[in-house]
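A look at the structure
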Amino acid sequence: MANPAGPATVDRRSDTTLPYLASLNPEQREAVLHTGNDGGRSLLILAGAGSGKTRVITTKIAYLIRERGLDPRSILAVTFTNRAAREMADRARQIDERAEDAMLRTFHSFGAWFLRRNGSLGGLSSNFVIYDDDDTVSLLSSIMEDIPRAEVKQAAYAIARAKDFFLSPEDPELDRIDHRKKFRKIYARYEERLAQIGNVDFGDLIKKPVEILRSQPEVARRFRERFRVIMVDEYQDSNIAQFELLKELCGPDTYVCVVGDDDQSIYRFRGAEVRNILEFPDRFPGTDIVRLERNYRSTAPILQVASSVVDHNEGRLGKTLRSERGGGKTPTLVFLPDQDEEAEFCAELIEKTVRGGRKGQAAGKDVRDKRAAAKPSRALEQPKAVYSDWAILYRTNAQSRGFETEFLRRRIPYRVVGSLKFYEREEIKDALALLSFLVNSRDEVAFRRVVNKPIRGVGAATVDKVIEAAGFGLADMAADDGIEAGPSPGDIAAAARRIMPDLPAKARGGLAAFLAAIDAGAEALEADPARNGAREEEDAGPIPDRKRVAKPTPKTKTKPRDGLRAGEGLSVCVVTLINEAELDDYHRSHDEITGKQRIENLQELVNSATDYPATREGLLEFLEHIELDRSLETAGEGQGNSDDVVTLITLHNTKGLEFRRVIITGIEQGIFPRDDKKGDDLEEERRLFYVGATRAMDELYLCSCAMRLMFGRIMPSEPSIFLREVDKSSLRILGKAPYGFNSGNARSASGGSDEGSVADSVVEFGRYPGGASRSSGRAGRAFAGHAPAKKVTSSDGRWQIGDRIFHDDHGYGAVIEIREPPAQLPPESDEDGPVVRVRFDTGKELRFLSSHQSSRFTKIGDD
DNA sequence: TAATCGATCTTTTTT
DNA sequence: AGATCGATTA
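Note that the structure is a prediction, hence the values are computed from the model and not measured.

Over its 14 residues, helix H20 (residues 426–439) runs 20 Å from end to end, which matches the ideal 20 Å to within 8%, given 1.5 Å per residue. Within H20, 13 of the 14 residues are buried, which leaves the element mostly enclosed by the surrounding structure.

Below, the discussion takes up a nonpolar patch on the surface. Taken together, Met710, Phe711 and Met715 make up a surface patch of nonpolar side chains, about 370 Å² in accessible area. By the element assignment, Phe711 lies in the loop between strand E18 (707–710) and strand E19 (713–716). For Phe711, a relative accessible area of 85% corresponds to the exposed category.

Attention now goes to the packing of helix H22 (residues 460–469) against helix H23 (residues 492–499). Between H22 and H23, whose axes approach to 8 Å, the crossing angle comes to 110°. With respect to their mutual orientation, H22 and H23 come out roughly perpendicular. Seen from above, H22 lies across H23 with right-handed handedness. Only Ile492, Ala495, Ala496, Arg498 and Ile499 of H23 make contact with H22, whose side of the interface consists of Lys465, Val466, Ile467 and Ala469. Residue composition of the contact of H22 with H23, grouped by class: seven nonpolar, no polar and two charged.

Now for the protein's contact with DNA strand B. Taken together, 18 residues sit near DNA strand B, with Arg395, Asn397, Thr650, Asn653 and Lys677 positioned nearest. Contact distances for DNA strand B include 3.3 Å between a sugar or linking oxygen and a backbone N or O atom of Phe80. In the model, a sugar or linking oxygen of DNA strand B is placed 3.2 Å from a nitrogen or oxygen of the Arg270 side chain. Residues belonging to the surface near DNA strand B are distributed by class as follows: five nonpolar, eight polar and five charged.

Once that is clear, we can look at the environment of Leu333. Considering the arrangement of structural elements, one finds Leu333 in strand E11 (residues 332–336). Relative accessible area serves as the criterion here: at 0%, Leu333 is assigned to the buried category. In this structure, Leu333 is in contact with Leu702, Leu723, Leu731, Arg732, Ile733, Leu734 and Phe741, ignoring residues within four places of it in sequence.

Around DNA strand C sit Arg149, Arg401 and Phe711, and those are all the residues in its vicinity. Considering the 4 Å shell around the protein, atoms of DNA strand C inside it are sugar or phosphate in 45% of instances. Here Arg149 contributes a side-chain N or O atom positioned 3.1 Å from a phosphate oxygen of DNA strand C. One nitrogen or oxygen atom from the side chain of Arg401 is found 3.1 Å from a phosphate oxygen belonging to DNA strand C.

A word on unusual backbone geometry. For the peptide bond that leads from Lys453 to Pro454, omega is 0°, which places it in the cis range. Mapped onto the fold, Pro454 is located in the loop between helix H21 (444–450) and H22. Geometrically, the link from Phe672 to Pro673 is a cis peptide bond, its omega value of 5° lying close to zero. Counting through the fold element by element, Pro673 comes out in the loop between strand E16 (659–664) and helix H30 (679–693). Of note, the phi angle at Glu582 is positive, near 55°, even though the residue is not glycine. Checked against the element boundaries, Glu582 lands in the loop between helix H26 (571–580) and helix H27 (583–588). Glu582 gets classed as partly exposed once you look at its relative accessible area, which sits at 42%.

By the definition in use, this model includes 62 salt bridges. The partner of Asp204 in a salt bridge is Lys163, and the shortest N-O contact between them spans 2.7 Å. Residue Asp204 is found in helix H10 (residues 204–215), and its partner Lys163 is found in helix H8 (residues 149–164); the two are separated by 41 residues along the sequence. Between Glu351 and Arg410 there is a salt bridge, with its nearest N and O atoms 3.1 Å apart. Remark: Arg410 occurs in helix H18 (residues 400–410) and Glu351 occurs in helix H16 (residues 339–361); sequence separation between them is 59 residues. Through salt bridges with shared partners, one network takes in Glu426, Glu427, Asp430, Arg449, Lys453 and Arg598.

Taken in spatial order, the six strands make up an open sheet running E3-E2-E6-E7-E1-E8, and their pairing is parallel. In the strand order of this sheet, the two ends are held by strand E3 (103–106) and strand E8 (287–292), each with one partner. Neighbour-to-neighbour, the strand axes of the sheet open up by a mean angle of 15°, direction not taken into account. Inspection of the sheet shows strand E2 (residues 75–79) paired to strand E6 (residues 229–232) by four bridges, in the parallel sense. Its bridge partner being in E6, Ala77 is matched across the sheet by Met231. Running at roughly 150° to E8, helix H3 (residues 26–33) makes contact with strand E1 (42–47) and E8 of the sheet. Docked against the sheet, helix H12 (residues 240–249) engages E2, E6 and strand E7 (255–260), running at close to 165° with respect to E6.

The subject of this paragraph is the environment of Asp338. Considering the arrangement of structural elements, one finds Asp338 in the loop between E11 and H16. Note: C-alpha distance between Asp338 and Ala524 (186 residues apart in sequence) is 55 Å. Discounting residues that sit within four places of it in the chain, Asp338 has contacts with Cys705 and Met707. A distance of 2.9 Å separates a polar atom in the side chain of Asp338 from the backbone nitrogen of Asp340. Of note is the side chain of Asp338, whose polar atom sits 2.9 Å from the backbone nitrogen of Glu341.

This part covers the pairing of E7. Where burial is concerned, most of E7 is hidden: six out of the six residues are buried. Here E7 shows a buried face lined by Tyr255, Cys257 and Val259 and a second buried face lined by Val256, Val258 and Gly260. As defined by bridge partners, E1 adjoins E7 across five bridges and the pair is classed as parallel. What sits directly across from Ser42, in E7, is Val256. Relative to E7, E6 runs parallel, the two being bridged by four bridges. Bridged to Ile230 within E7 is Val256.

Parameters and conventions
- Residues numbered from 1 in each chain as written.
- Chains lettered and ligands numbered in written order.
- Predicted model: local features only at pLDDT ≥ 70, side-chain atom pairs only at ≥ 80, totals over all residues.
- Heavy atoms only, no water.
- Helix = DSSP H or I, 4+ residues; strand = E, 2+ residues; numbered from the N terminus.
- Expected span 1.5 Å × (residues − 1).
- Buried < 20%, exposed > 50% of the residue type's maximum accessible area, 1.4 Å probe, protein only.
- Patch = residues over 30% accessible without salt bridge, like charges linked within 9 Å, V, L, I, M, F, W, Y side chains within 5 Å.
- Areas by Shrake-Rupley, 256 points an atom, 1.4 Å probe, with all protein chains shown as cover.
- Salt bridge = Lys/Arg side-chain N within 4 Å of Asp/Glu carboxyl O.
- Axes fitted to C-alpha atoms, helices over the stretch in contact; angles between N-to-C directions.
- Parallel < 35°, antiparallel > 145°, perpendicular 65-115°, else oblique.
- Left-handed = near helix turned anticlockwise from the far one by under 90°.
- Contact = heavy atoms within 4.5 Å.
- Nonpolar A, V, L, I, M, F, W, Y, C, P; charged D, E, K, R; others polar.
- Near = heavy atom within 4 Å.
- Polar contact = N/O pair within 3.5 Å; in protein donor to acceptor, adjacent residues only side chain to side chain.
- Pairing = 2+ DSSP bridges.

Next comes the structure, spelled out in structure tokens:
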């Protein structure tokens, strides 16, 4: 096929006759229709937030297939998140079914796909497992013996960065990452060990394909022949290694189209290189540039606030984002005393719009019609306020907790996006280690993790013996690559069998039991259909992907009473393995509550395996999926399966999303931005603010607290410098601004006599008059909609307003307020109950659960 | 050899 | 507050 993308640059006919192009604006259309003419011309789309970028990409894919007759299989579109990849695939398919056959993947999943097929050329067998950061640290700590964990982690981080920058242990440039000779050595050793084990880390998924493409011209040729069009989304987040990969995939005829926004580059910390996008036209000569500067998402006042912060950055391409929507509600900046009130404020704000609005129109109806209202036709009816309009954004995952607590208490449905704790749980990692070892018996990390769990009498001494027998000292087995059949050097299982007779009885028995479990797991797998020779062909088409793998949601509603229940497919193998290894017993035995929880988690993992075939190949896919897509959403409890939920999400995770109403929380110095950020890092935080703010369609709220619980201590908190960078006139300010905030520069303004009162570390409410003087929540009432019922006596009879108390840390105080949780649903066996607010004689105010019992907190006088 | 208790940090952000 | 580390102990 000669240049499939050429020859004409613009298809005039398209303007009028192609309906799916009709609704594009001129710039968007230009971006879609641009195909480059004399081979290899490239396109850089600078797409501001909310400018219809995804639409352009998906339409372009469809256009290339439909109007330019391109084989869908020759299109490669790369994104950075699985979510984006999925969305892109969905939307492209909506325009044209054939887009299904285009390859839309994340960079990393593309890398994995590549390596499964061509890894052997780089000494990698096709059954590698992908190590996550934890595994990497484990491996590294076996190399760096007797070195504090923090340092090991540091080294792991440095190695990951090195790979992001496409630097090998020998590379002179490595000094940029870490100049110590020791580091070079550690890195080299790590690479050696990883090769021996036959697994890869995240960085390898990019770096290794580049190396193979460079050393194997034949492979490179094949790939360049296959992919005629390559698109990269969120190009500003690409790193050097990814740039190299892109370059290697490009032949003289390849049409490259990258899309991005330098103002949304927020992944520098993991090696993203903004210069990739800034210098793209230099690296790909003959690049045309299209700017998408019309924002269809946000109102003008929201964009105004977002831009005013990022405008303080230097070294940006600069663009003017215009709102196509025009005016709207002025964004609100709220000053709050502490993070508890922040959570309360958010909750009340949301309740006011959702429940309040509902009450007005349909008194008797409840949750059920909320669900009905959530999904269908928001556009048709009057925009009804729903929970899913709302998103709460924060800088660190840890911040989600306060909101979760508050929302649970008030029965506000929510989901937490991100926070990958599920796969970090001990029992899950253990099970995965068993599976990994089954797939690759050279996996020392997995072996060490589970061989003696539960205790089988296989101690450290035995483990070392086995590992040694597995063939250390056989240097450079990477060289004679991994294609050999039979027991390969490094095979730990084989080594264990070999030396078993020489071991003491206890160790021998334990080891045998472990190996028997692995064997049982292997037997639960069916033989793979022959897959020899097919490999080369497969490059010509995407592997038959497991469609839309279900997230680990139990299929069977029945809770596992005792044993794990296998469903279909691969889950049989997983259960067998766990049972035979007695991993379930081990975790069950911990203690009643956590044991039960752990078994449930294991059951979830088992359930998620049902969608995979019970073959080695299926197992590999399962593991790969888990490593590459850990996005899980944890729903707020008791919310059923409703889609109508508030979203709790980190700022980083919001990229590509939009919500009608957004609250950015914790906009305080030290948190956002972190106080050690300066220079380029500070600029990145500004961009993060920009990303967050531009998620909002209709309403934007910014929260800043005067105090915050950090490391278990209450610390004073200052408003973020970003808040000072916003023009005050474009904000509505609620709550009491800290002294000096309204003058341009707080530092100089507060240099006067007022300073004395805040000299010590404890900040009294006095500094924020909205706090101390507001008695029972003036600030609250000012903007808080309906507060929970307030009472004189708590419903559990424990407290009355005026009760005197003593607290070990805070001294004497009195109850000044009692709040009952809103009684929406019948009070279940919730441990939460009334909340009492206590003002201590020091002037400090704190709140406690009524049920809170502790020797540190006692009622006096009364009783 | 392993469990347990105190002391000592810790907190980014994610494929 | 919570995790993690290490030293002490059973």
